[in-house]
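# A structural walkthrough
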There are 2 protein chains.
Amino acid sequence: MKMKSFSKMATAFLKKTVAQRVPILQWGRSYDSRKLVCDTIAGITVGLTVMPQALAYATLAGLEPQYGLYSAFVGCFVYVIFGTCKDITIGPTALMSLMTYQQVMGRNTDYAILLCFLSGVVQILMAILHLGVLIDFISIPVTVGFTSATSVIIAASQLKSLLGLQISSSGFLDTIQKVVQNINKTRYTDCMLGILCILVLMMLRKLKNVKLNAKDEKPTARQKHWNTIFWLIGTSRNALVVMICSAMVYFYEASGLTSPFLLTGTVRPGLPSFQLPPFHTVLNNQTVPFTEMVSELGTSVILVPVIAVLGNVAIAKAFASGAIIDASQELFTLSMCNVIGSFFSSMPITGSFSRSAVNHASGVQTPAGGIFTSILVLLALGFLTPCFAYIPKASLGAVIISAVIFMIEYEVVKPMWRSSKKDLVSTFATFFFCLLIGVEYGILVGVAINIVFLLYPSVRPTVFVETATTSSGLEYLMITPGNSLYFPAVDFIKTSVGKAGVSSNHLPVVIDCRFILGADFTAAKGISALIDEFSIRKQPLYFFNTREDVVSVFQGVLDEDFKYFKTIEQLEIALKDNEFDDSNNETGKLLYDSEAEYCTNMWRKSSAELREICNGEGNNLNHRLNTQQR
Amino acid sequence: MKMKSFSKMATAFLKKTVAQRVPILQWGRSYDSRKLVCDTIAGITVGLTVMPQALAYATLAGLEPQYGLYSAFVGCFVYVIFGTCKDITIGPTALMSLMTYQQVMGRNTDYAILLCFLSGVVQILMAILHLGVLIDFISIPVTVGFTSATSVIIAASQLKSLLGLQISSSGFLDTIQKVVQNINKTRYTDCMLGILCILVLMMLRKLKNVKLNAKDEKPTARQKHWNTIFWLIGTSRNALVVMICSAMVYFYEASGLTSPFLLTGTVRPGLPSFQLPPFHTVLNNQTVPFTEMVSELGTSVILVPVIAVLGNVAIAKAFASGAIIDASQELFTLSMCNVIGSFFSSMPITGSFSRSAVNHASGVQTPAGGIFTSILVLLALGFLTPCFAYIPKASLGAVIISAVIFMIEYEVVKPMWRSSKKDLVSTFATFFFCLLIGVEYGILVGVAINIVFLLYPSVRPTVFVETATTSSGLEYLMITPGNSLYFPAVDFIKTSVGKAGVSSNHLPVVIDCRFILGADFTAAKGISALIDEFSIRKQPLYFFNTREDVVSVFQGVLDEDFKYFKTIEQLEIALKDNEFDDSNNETGKLLYDSEAEYCTNMWRKSSAELREICNGEGNNLNHRLNTQQR
C-alpha cells in the first residue's frame, strides 16, 4: 500500500522531470502541418546558410572543411529534443572556431574534438552545480551591446564574399583592414549580385507583413489567400534567393561558360564515423596521454564552455525577449550537444547568432526546424554536395547580412538614456570591447562593469543625515543608511556616523535601520566599535527600526544587550532621560576621561591582545561604566 | 588681491595634502624620548629578525642571499616617512619570494628587480584610480582566516630551524612533509635551545603585564619603578634572548670548541649600488628588450602587486583592529617602497606579517622603528656581519614562533557562530585554502566567497507575499520584494510575482516597493513586461511606496504613465474601482482573449521586430485596450 503510493509518487516525479528535461514531449503534442511547413522552410534555409559557414569556420579553426559539417548536424539534432528556444540553432560559430584555433594551432584535430567533449562535461558540471544562475548576470544592456557587436562583426565578415575578395581574416579589425587593403581586387560581378540579393531580400522582407485588407476590416477569402502567399514568399525569401542564384549559375555553366561569381565549391562527401572522443593522440610520432592533452588545453577547458554558455544565453535572451528562459535546461542541452557532438568528431559548438537570426527570420515555429537542418547537412555530406557547389558566395553573404543588420539595436539607446544612464556605459563598453578585443572578452567586460555598478550601493551606501526634534522639543540627529550593512560598507558607515556625531556638537544620535535588511559579522564588529566610540565620547547613540534578524547578528558580538526602539514614542522617552546627563560632575568627567584615554589606547592594540584585556580589565571597565550611568 | 587669496588657498591645500601624504609630519611633532626607547628596542629586534629571514627568502626567490638584505632596508626606511600603521614593517616576505621565484626561475636577477619596479608602478596606478577601495572587500572573517593561516604557515616554516633540520621547502604542506620525513635527523641541541627560548619568551611575555600593585590601588614610586623595569624586559625579550644566545655561542667558540647549534652563518658584506632598475637584460648572451621582459613576466605584473596590497591591507587591518586605515595612503606607501626599492636592487616587497607581529610585540610606538631596522640592516651589510654569524637559528625560530602563535584567532569562532554563521564559511575557506593552495589564492577565495554572499540578496531577494484586506473588505495580494531591483533579480521577481498573481486566482496584486532603493534598465524592462502580462490577464496590478528615483527609471521605458500610490488610502480607492470590473461581457472577453493570444505571440518575437510592431499595431493595440477599459 505504502509501496504503491511511493511508486506512484516516483513515477509522477519521473514524469515531471522527463517532461521538463525533454521539452519535445510538450511542444510535440501540439505540432501540426502548418508548423511543419514553417519549420521545413526555416530548417532548409538554415541548412543552406550553415553549409558554407561550417566550411569557413572549420578552416578558421585550422581543421579540414568537412569537420565544420560534422559539427553542424549533431547540435541541431540534439537541440530538437532538449532545446527550449525555437530560434536557436547550435553549431560551429566564428567565436568557437577562433577559440579552438588557439588550441589546435601546431597540434592536431584530436585536440579540437577533445575540447568539444570536455566543454560538454564542464557544462554538465555547471548544470549540476546550478550555475545556470549565470544567465541572470547578463543584463539587457550587455545583451544589446553583445548582439549588436556580433551583428556588426558577422556583417563585416560577409563583406569579403559580398565583394568577391578571396582573403582569410580573423576578428573584426583584421577583416576591415584586409578588406580595405584589397578593395581594388573587388570582383564587380559578385559585388553586383550581392547588392542585388540584399535589395531583393529587403523587399521580400517587407512583403511578409503586406496585408491586402485595411487594418480594421476583416480580410475576404481571396485577400486571406494572397496574404498567406505573400507571407510564405516573404518568409522563405532566403531559400528562394539562394536557390534562384544557384540555378542561374547551374544553367550558365551548363551552357559551357564559367560562372562569373565565386562559388561555394565542392564539399568532400562522406558521413563522420561514430567513435569515442580521442583520449590520447599521436603528435610528431609521440603518444600524448590524456592528462598531458588536458594540461596543454589549459584554461580553455574552462573558458570555452563558459563563453559558449554566455554566448548561448545572450542569444536565448535576445530571442526570448521578455519571456523567461530555463537557464539550466539550456545549459544541459548545450552540454549534450557538445558531448554527443564529440562522438561525431565535432569541434566545440554553441548557439550561432547569425543562423538563429536566419532561422527566426525564416519564421521557424518549433525547435523541430533543426531536424531538417541536420538532414540537409547529412544529405549534403552524402549526396547533395554537387548541387551546393553552385551557390554563389555573394548571395549567401547577402542572406546573412540582411538577416543580422536588424539585430543592431540602436533604438534601445534612447529609452536607456531616459531610464538609467549608467546602463549606457555597460552597453557601449560591451559593444566596443566586443569589436576591439573579441566577443568573449567584450561580454565579460560588460558583465564586470554591471557587477561593479551592482556592488556600488553595498560599498558606498547613501547615508542620510538630518536634525530632527522630538514632540517635547529635544533636538537629535537622525542618520539613515540607505542600504544593508555588509563588510564593504562597514568602515564607510562607521566613519560617516562618527563624523556626523562629532560635527553635531554632541547631539544624541539615532540610527534608523529601516533599510538595513541584512548584516554580517564585520558589520556587527563595526556597530559594537561604534557603540564603544560613542560611549567614550559620552554621546547617546540609539538604534531605531532594527529588523529582528539584524538584531541577532549585532547581538552576537556584543557583551551587553543591543538596545533599539521600534516606535517613535519609545525613542522619544529614551531621548528624554539621556543616559549621560548625570555624568557631568567633575570627578565623573575625570574618571571618564582617564577611561576614555585608556579605552582608545586599548583600541589601538592588536585584536588578540584587545580580547585579552576586554576579558580582563575590559569587563570590569564596562561594569564601572554601567554603575556610573545608574 | 584675488591672486593672493588664491595663492593662500593653494598653499593651504598643498599643506593639507602634504600633511596627509607624509604622516611623519604629524606623529613626528609629538615624538618623545619614551617613544624613542620603545622604537629603538622594537626596531633592533625586528632588525635581528629580518636578517635571517631576508637571507632565507632571497634563497627561496632563487636570488643570492644579499638581495634579501637589499630588499629589507629600503621598505622600512620609506615606510617611516609615508606609513600610517606603526606596526607594519615592509620587506621581503615568503609569499613575495615564492611569487618572484616563478619569474626568476631559469632567468636572472634582473627579472626580480624589474618585477619589483613594475609592482610599484601598478600600485601607484591603483592609488591614482582610487582602487584603495579594495581594502573594503577584505572582511574580518577573511582577515581572521588569512592571519591565522599565515601564522600557522610561518610557525611551521620555523619548525625546521627549531629542530635543527637542514632542509629547504616551499609552502605549508611541503614543509610539514619534509619535516616529518627528516624528523629522525633532529639535532637535539638545537631542539632543546629552541624550546628553552620559547619557554623563556613566554614567561617574559607575561612579565610585561605584571604589576606589583593591586588593580584598584595606585602604585608606590618603588612599585612604579619595578613595573617599568618588568615592562622593559618583557618588551625587549626577543632582542635579549637572541643576544644572550649569540653571546653564549661566541664564548663557546672563543674557547676553541665548535658551536653545538646551527648558526645563521656569515652574510656577504657590501651595500647595494643605487642604479636604474634593469629595463633590458642579457640572457644566454642575448639582449632581452623591456617589452619582451614584461611579456615574459606576464600576469604576475598585475598579480604580484595586487596580492602585495591585499596582504599588506589584511595585516594593516589586523593591527589597526577597529581603527580605520587610510587605504590609498597605504597603497601609495607600498608603491613608493617598491619603486624606490627597485633602485637598490630589491625584489618585490610588502608588509611582513611575522616581523610586524614581532615589531608589535616589541612594543613599537611609531613607524620610526623602521629607521633602526634599516640602519641595522645597513650596518649588517657593512660591518656587523661577523657578529650575526653567531645567532643560533633555533633561537630566531623561537622568537618568530612565540610572536605568531598568538595571531591564531580561534576565539573569534564563537561570536561569529552566534552572530552570522555564513561568515564562518569564508573564515574557514580562507584558512584552509591559504594552507593548501597558498596564501595569495586563499585570500582571493575568501574574498570571492564573501562577494558571492554579498551578491546573493541582489540575485535571489526575499519576496514576501501576503493576502491583505482593505478597510472596505476587499481582498488583495500584497507582494514585497526584499531588495533593490537590479538585473540579476529581475527574472526571479518577475516569475515570483507572476506565479503569485496566477495562484491567487486573480486577486488584485499590489507590489510594495518600500525596499526597492534602486533599479536599472533591465529592471524597468522587466516591470513593463510584468505590467503587460497582468493587463493581458486582466488582473489589476498596483505599485505602492515607490521612490521617486525608481519611478523615473521605470518611466523611462513605459509608453503611458507609471501609476503608483503613496498612501494606503489612495491604494484602497484604486482597489475599490477595479479597472477591469466592467470588461466581463462576452464580446469583451473574446476580444481580449484574441488580443491576449496576439500579444503573447508578439511577445515571443525577437526584440527588434517587437519594437517594429509596437510602433505600428502595438500603439494601436494599447489604444484599443485603453478605450476598452473606459
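One structure accompanies this document, and this report is about it. Keep in mind the model is a prediction, meaning the values are calculated, not measured.

### Section: the overall build of chain A
Broken down by element type, chain A carries 26 helices and 9 strands. Here chain A holds 630 residues, and the buried ones make up 55% of them. Across chain A, every contact between residues at least 6 apart in sequence was considered, and the portion connecting residues at least 24 apart equals 78%. Accessible surface, chain A as shown: approximately 28000 Å² in total, 66% of it carbon and sulfur.

### A few points about the pairing of strand 6 (residues 475–481) of chain B
All names here are of chain B. With 6 of its 7 residues buried, strand 6 lies for the most part within the structure. Sheet analysis places strand 5 (residues 463–469) next to strand 6, joined by 7 bridges and oriented antiparallel. Counterpart to Val 465 in the pairing with strand 6 is Ile 479. Where strand 5 hands over to strand 6, the hairpin turn is made up of 5 residues, of which Gly 473 adopts a positive phi near 80°. Note that strand 6 and strand 7 (residues 509–512) share 3 bridges and pair parallel. Bridge pairing in strand 7 places Leu 477 opposite Val 509.

### Details of the pattern of salt bridges
Counting across every chain of the model gives 16 salt bridges over all chains. Arg 107 of chain A is paired through a salt bridge with Glu 296 of chain A; the nearest N and O atoms lie 2.8 Å apart. Here Arg 107 of chain A is found in the loop between helix 5 (94–104) and helix 6 (109–128), whereas its partner Glu 296 of chain A is found in helix 12 (residues 290–297), with 189 residues between them in sequence. Note on Glu 296 of chain A: relative accessible area 24%, which makes it partly exposed. One salt bridge connects Asp 174 of chain B with Lys 178 of chain B, and the closest N-O pair in it is separated by 3.0 Å. Taken together, the residues Asp 174 of chain B and Lys 178 of chain B, both in helix 8 (residues 172–181) and 4 residues apart, mark about one turn of the helix.

Conventions and cut-offs
Residues numbered from 1 in each chain as written. Chains lettered and ligands numbered in written order. Predicted model: local features only at pLDDT ≥ 70, side-chain atom pairs only at ≥ 80, totals over all residues. Heavy atoms only, no water. Helix = DSSP H or I, 4+ residues; strand = E, 2+ residues; numbered from the N terminus. Buried < 20%, exposed > 50% of the residue type's maximum accessible area, 1.4 Å probe, protein only. Contact = heavy atoms within 4.5 Å. Areas by Shrake-Rupley, 256 points an atom, 1.4 Å probe, with all protein chains shown as cover. Pairing = 2+ DSSP bridges. Salt bridge = Lys/Arg side-chain N within 4 Å of Asp/Glu carboxyl O.

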